[in-house]
Number of protein chains: 2
Amino acid sequence: MSEKQALQAVREQIDKVDKQLQSLLNERTALAHQVAEIKQQSGEQADFYRPEREAMILRQVMERNTGPLSDKEMARLFREIMSACLAAEKPLRIAYLGPEGSFTQAAALKHFGGSAELHPVSTIANVFSAVETEYACYGVVPVENSTEGMVNHTLDRFVSSPLKINGEVTLPIHHYLLSNASQLSDVKKVYAHPQALAQCRQWLGDQLAQAELFPLDSNSEAAKRVAEMGEDSAAIAASTAAEIYGLKVLASNIEDEAGNTTRFLVIGNQNVGPSGVDKTALLVSTKNKPGALQNLLKPLADKGISMSRIESRPSRKGIWEYVFFIDIDGHCQDPIVASALKELESESSVFRVLGSYPKAVL
Amino acid sequence: MSEKQALQAVREQIDKVDKQLQSLLNERTALAHQVAEIKQQSGEQADFYRPEREAMILRQVMERNTGPLSDKEMARLFREIMSACLAAEKPLRIAYLGPEGSFTQAAALKHFGGSAELHPVSTIANVFSAVETEYACYGVVPVENSTEGMVNHTLDRFVSSPLKINGEVTLPIHHYLLSNASQLSDVKKVYAHPQALAQCRQWLGDQLAQAELFPLDSNSEAAKRVAEMGEDSAAIAASTAAEIYGLKVLASNIEDEAGNTTRFLVIGNQNVGPSGVDKTALLVSTKNKPGALQNLLKPLADKGISMSRIESRPSRKGIWEYVFFIDIDGHCQDPIVASALKELESESSVFRVLGSYPKAVL
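Residues numbered from 1 in each chain as written. Chains lettered and ligands numbered in written order. Predicted model: local features only at pLDDT ≥ 70, side-chain atom pairs only at ≥ 80, totals over all residues. Heavy atoms only, no water.

## Describing the overall build of chain A
- The secondary structure content of chain A amounts to 12 helices and 15 strands.
- Along the first, second and third principal axes, the C-alpha set of chain A runs to 70 × 65 × 40 Å.
- Restricting to contacts in chain A with at least 6 residues of sequence separation, those with at least 24 account for 75%.
- Here chain A displays about 16,300 Å² of accessible surface, and carbon together with sulfur accounts for 50% of that area. (Helix = DSSP H or I, 4+ residues; strand = E, 2+ residues; numbered from the N terminus. Contact = heavy atoms within 4.5 Å. Areas by Shrake-Rupley, 256 points an atom, 1.4 Å probe, with all protein chains shown as cover.)

## Re the relation of the copies chain B and chain A
- It takes a turn of 180 degrees to lay chain B on chain A, together with a shift of 0.1 Å along the axis; the resulting RMSD is 0.1 Å. Such a turn and shift between the copies fits a two-fold axis.
- By residue overlap, the copies meet face to face through one surface: 99% of the interface positions of chain B are interface positions in chain A. (Least-squares fit on C-alpha atoms with pLDDT ≥ 70 in both.)

## Some thoughts on the sheet that holds strand β9 (residues 233-237) of chain A
Residue and element names in this part refer to chain A.
- One open sheet holds the 5 strands; their spatial order is β8-β7-β9-β6-β10, and the pairing between them is mixed. For this open sheet the edge positions go to β8 (212-215) and β10 (248-251), each flanked by a neighbour on one side alone. The sheet shows a mean angle of 35 degrees between the axes of neighbouring strands, taken without regard to direction.
- Across 3 bridges, the pairing between strand β7 (residues 189-192) and β9 is parallel. Bridging across to β9, Tyr191 finds its partner in Ala235.
- Lying on the sheet, helix α9 (residues 219-227) is in contact with β6 (176-179), β7 and β9; it crosses β9 at an angle near 155 degrees. (Pairing = 2+ DSSP bridges. Axes fitted to C-alpha atoms, helices over the stretch in contact; angles between N-to-C directions.)

## Observations concerning the sheet that holds strand β7 (residues 189-192) of chain B
All names here are of chain B.
- One open sheet holds the 5 strands; their spatial order is β8-β7-β9-β6-β10, and the pairing between them is mixed. Since the sheet does not close on itself, it has two edges, and those belong to β8 (212-215) and β10 (248-251), each with one partner. Strand-to-strand, the axes of this sheet are offset by a mean angle of 35 degrees, without reference to chain direction.
- When β7 meets β8, the two strands line up parallel, connected through 4 bridges. Looking at β8, one finds that Val190 is bridged to Leu213.
- The strands touched by helix α9 (residues 219-227) are β6 (176-179), β7 and β9 (233-237); relative to β9, the strand with the most contacts, the crossing angle is about 155 degrees.

## Section: the interface of chain B and chain A
- Counting residues at the interface gives 76 residues for chain B and 75 residues for chain A.
- Together chain B and chain A conceal approximately 6,700 Å² of surface at their shared face, both sides included; 61% is due to carbon and sulfur atoms.
- Across the contact surface, chain B and chain A share 6 salt bridges.
- The salt bridge partner of B:Asp18 is A:Arg28, with a shortest N-O separation of 2.6 Å.
- The interface formed by chain B and chain A holds 21 residue pairs in polar contact (both at pLDDT 80 or more) in total.
- Every element with two or more residues in the side of chain B that touches chain A is listed here: α1 (3-41), α2 (51-63), α3 (71-89), α4 (103-112), β2 (117-121), α10 (239-245) and β10 of chain B.
- Considered class by class, the residues forming the side of chain B that touches chain A number 34 nonpolar, 24 polar and 18 charged. (Buried area = accessible area lost by both parts, 1.4 Å probe. Salt bridge = Lys/Arg side-chain N within 4 Å of Asp/Glu carboxyl O. Polar contact = N/O pair within 3.5 Å; in protein donor to acceptor, adjacent residues only side chain to side chain. Nonpolar A, V, L, I, M, F, W, Y, C, P; charged D, E, K, R; others polar.)

## Some remarks on the nonpolar core
- Grouped together as the largest cluster of nonpolar side chains are 48 residues, with contacts concentrated most on A:Leu21, A:Phe78, B:Leu21 and B:Phe78.
- Each residue touching B:Phe78, except ones within four places of it in the same chain, is listed here: A:Asp18, A:Leu21, A:Gln22, A:Leu25, B:Leu58 and B:Val61. (Core = buried A, V, L, I, M, F, W, Y, C linked by side-chain atoms within 4.5 Å. Buried < 20%, exposed > 50% of the residue type's maximum accessible area, 1.4 Å probe, protein only.)

## As for the packing of aromatic side chains
Residue and element names in this part refer to chain A.
- In total, this model carries 10 aromatic pairs over all chains according to the counting rule given.
- Plain terms: the ring middles of Tyr191 and Phe214 are 4.8 Å apart, the flat faces sit at 15 degrees to each other, and that makes the pair stacked. Of the two residues, Tyr191 is situated in strand β7 and Phe214 in strand β8; the sequence distance between them amounts to 23 residues.
- Phe214 gets classed as partly exposed once you look at its relative accessible area, which sits at 25%. (Phe/Tyr/Trp six-rings, centres within 6.5 Å; stacked < 30°, edge-to-face > 60°.)

## Some remarks on the confidence of the model for chain A
- Looking at chain A as a whole, its pLDDT mean stands at 86, while 92% of the residues score no less than 70.
- No element of chain A has a lower mean pLDDT than strand β4 (residues 149-150) of chain A, which averages 55, and none a higher one than β7(A), which averages 94. (pLDDT = per-residue confidence, 0-100.)

## As for the state of the cysteines
- As enumerated under the stated definition, the model contains 0 disulfides over all chains in all.
- Summary of cysteine pairing: B:Cys137 is not part of a disulfide, and the nearest cysteine sulfur, belonging to B:Cys85, is at 17 Å. (Disulfide = S-S within 2.5 Å.)

## Looking at unusual backbone geometry
Residues and elements named next belong to chain A.
- Put simply, Gly67 and Pro68 share a cis peptide bond, and its omega is 10 degrees.
- Along the polypeptide, Pro68 turns up in the loop between α2 (51-63) and α3 (71-89).
- Backbone geometry at Glu134 places phi at a positive 60 degrees, although glycine is not the residue there.
- Along the chain, the position of Glu134 falls in the loop between α5 (124-132) and β3 (138-145).
- Even without glycine at this site, Asn253 takes up a positive phi of about 50 degrees.

## Comments concerning the pattern of salt bridges
Residues and elements named next belong to chain A.
- The final tally for this structure, using the stated rule, is 34 salt bridges over all chains.
- Between Glu168 and Lys279 there is a salt bridge, with its nearest N and O atoms 3.1 Å apart. Note that Glu168 is positioned in strand β5 (residues 164-172) and Lys279 in strand β12 (residues 278-286), a separation of 111 residues in sequence.
- The exposure class of Glu168 is buried, given its relative accessible area of 6%.
- Salt bridges here are not isolated pairs; linked through shared partners, they connect Glu168, Arg263, Lys279, Arg309 and Asp327.

## Describing the UniProt feature "site: Essential for prephenate dehydratase activity" (unreviewed entry) in chain A
Residue and element names in this part refer to chain A.
- Taking the UniProt record as the reference, the feature "site: Essential for prephenate dehydratase activity" (unreviewed entry) is found at Thr262.
- Residue position: Thr262 is located in strand β11 (residues 261-268).
- We classify Thr262 as buried; its relative accessible area is 13%. (UniProt positions renumbered as here; feature names shortened; annotations may be inferred.)

## Considering the environment of A:Phe78
- Of note, A:Phe78 is situated in helix α3.
- As a C-alpha pair, A:Phe78 and A:Ile57 span 21 residues in sequence and 8.5 Å in three-dimensional space.
- Once residues within four sequence positions are removed from consideration, A:Phe78 is found in contact with A:Leu58, A:Val61, B:Asp18, B:Leu21, B:Gln22 and B:Leu25.

## Comments concerning the domain arrangement of chain A
- When cut into domains, chain A gives domain 1 (176-251) and domain 2 (272-358).
- Each of domain 1 of chain A and domain 2 of chain A has a C-alpha centre, and the two are 41 Å apart. (Domains from an automatic or database assignment.)

## Things to note about the pairing of strand β11 (residues 261-268) of chain B
All names here are of chain B.
- Across the 8 residues of β11, 7 count as buried, placing the element largely inside the fold.
- As defined by bridge partners, strand β5 (residues 164-172) adjoins β11 across 8 bridges and the pair is classed as antiparallel. Looking at the pairing, Val169 lines up with Phe264 of β11.

## A short note on the environment of B:Ser356
All names here are of chain B.
- As for its position among the elements, Ser356 is in strand β15 (residues 348-358).
- Not counting residues within four places of it along the chain, the set of residues in contact with Ser356 comprises Ile165, Val272, Lys279, Thr280, His331 and Cys332.
- Separated by 2.7 Å, the side chains of Ser356 and Thr280 make a polar contact.
- Within the structure, the side chain of Ser356 is placed 2.9 Å from the backbone nitrogen of Cys332, a separation counted as a polar contact.

In structure tokens:
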């Protein structure tokens, strides 16, 4: 068989698989429609989008995957398939912190897939308003950046908003080597935030072993300074800094590990059921007395509930009063978590569950 | 059967469909691997990515689609499936005009799907270099904006570059109503480029029938001015302008028709075969004599070949010499097109086929 014939034969098989795929995709859409109809007949307010169900499906897809397609790619495709099925039923309108092209848009796209209607709004407060007024079904806001820390404005907004956290999205952050130089071998000095230097240590050792490293306050600062320097200098920064300061991108994605991420929250009006692997976010304020915080956290420690994050913020209601934003593992409907939260509540002057939601799957 | 049981039954069916889908997706990936192996054995340089084959598959998918999933959504899913299969074989590295978050990134994502490796570079010239040096397999650059006209820098680059055009991508452009006002009813004056005012005529008539319309040089200019005005004024502009000038988004996607688009080119080293619905881009320079352009275009007119665009640019080689960038319908291997091009070439002082490529499917 000639190469051409062999190719033709395999392509015919691909076309056959594609037809089957297409018919299954339409079948799945029709089944999703049945789910929606059953929910509507029941009279209660129908949540077409069920974050916990999506998270469970994605985890199953990854667990049972045999390849050759990677688990991650397979889950990405199923995210898109679910997005399309959902949109065929009722297009989800999502408000996100704009402008178009922002990382928050990328996060919204990653979480809701390409079939959702994404609407940029100009402030975090406006994302909350858009969901509170039901202009949008859900909102996406940045909450944590592993190099810049918390986006405090987002957390503060929960103090006065009735909205819940319905999900989280994480996006990897990439580092770029920017310079006025045209080739890597010209670079003798590298400027960046110490954390960025650390995150690219291995790459710098391999590619620029002779270069001297200069820590600065921020990566943007480094890019700004390097823009005014000669061709022997380079900065580690985001690709946006190349455009802003007119620098060349000498190398992309130079971070040693992919673990460097920004975190976003999905906010909504829904109470999300347990998916099996969940997180719960709490807003707590303590009575202002010595040892209050230790007492507060004791029930969690006693019950072996892992706390992934705690952040204190001024409550704005009086001096020395703080509110704490606490993330714990588990769902508020899990019996152990529920009993710990009950104890925690009795130690608090303010206590609110901001939401239980599936841990980011991808 | 209770609602819960009914839901459970349908969900079990969905899970069954999902298992079949997953196994077919893995089967398709394995078949794509066979295609790659056959190509590699043949010794010649193997183009794993075949734009014409992808375009044909997408068109078939849309033609045979029975629903309930829409043709557009179905094609979008198949784009992602092909992207994943291709990446499993050999991840495609794509250079695009950055920064991350630019519209060009959105175009690259739309064309190559979420599995391609996208690398931002800081100038259009650098996108060309990245592909010329084979750092990247393909590049994506903006070429035409229906409100701003041609991105001339891109066309000029083809005069000296050996690269070909391997595809085109179109992205819809959305208009936003931006203002210092918090509600639409406050707005009495609307500023924008005349084209934007025209594109939103119907929406303005429905929502702001009483408002006075003021044409300005550009939408950015309108946003800038409105930022300094009271709450009775609004601008029509891109959502990015809201962030830049600190304006609120009063309404999104207010254009009357979705036809408003930006166009991007995919550049590469490949000669793309016919897909059945193709375009051909030409670079032509005429002898400097009266009627030269008319003579040049005659063979196209005579053979009924439709010309979708012609753009003249100074050749930089002498006064009164121009080069023309011409887009025609059809593939340069189509017999009628081939014979017209032969005639055209004989009338030209410079003649190059920049590429034949499939018309944008989505």
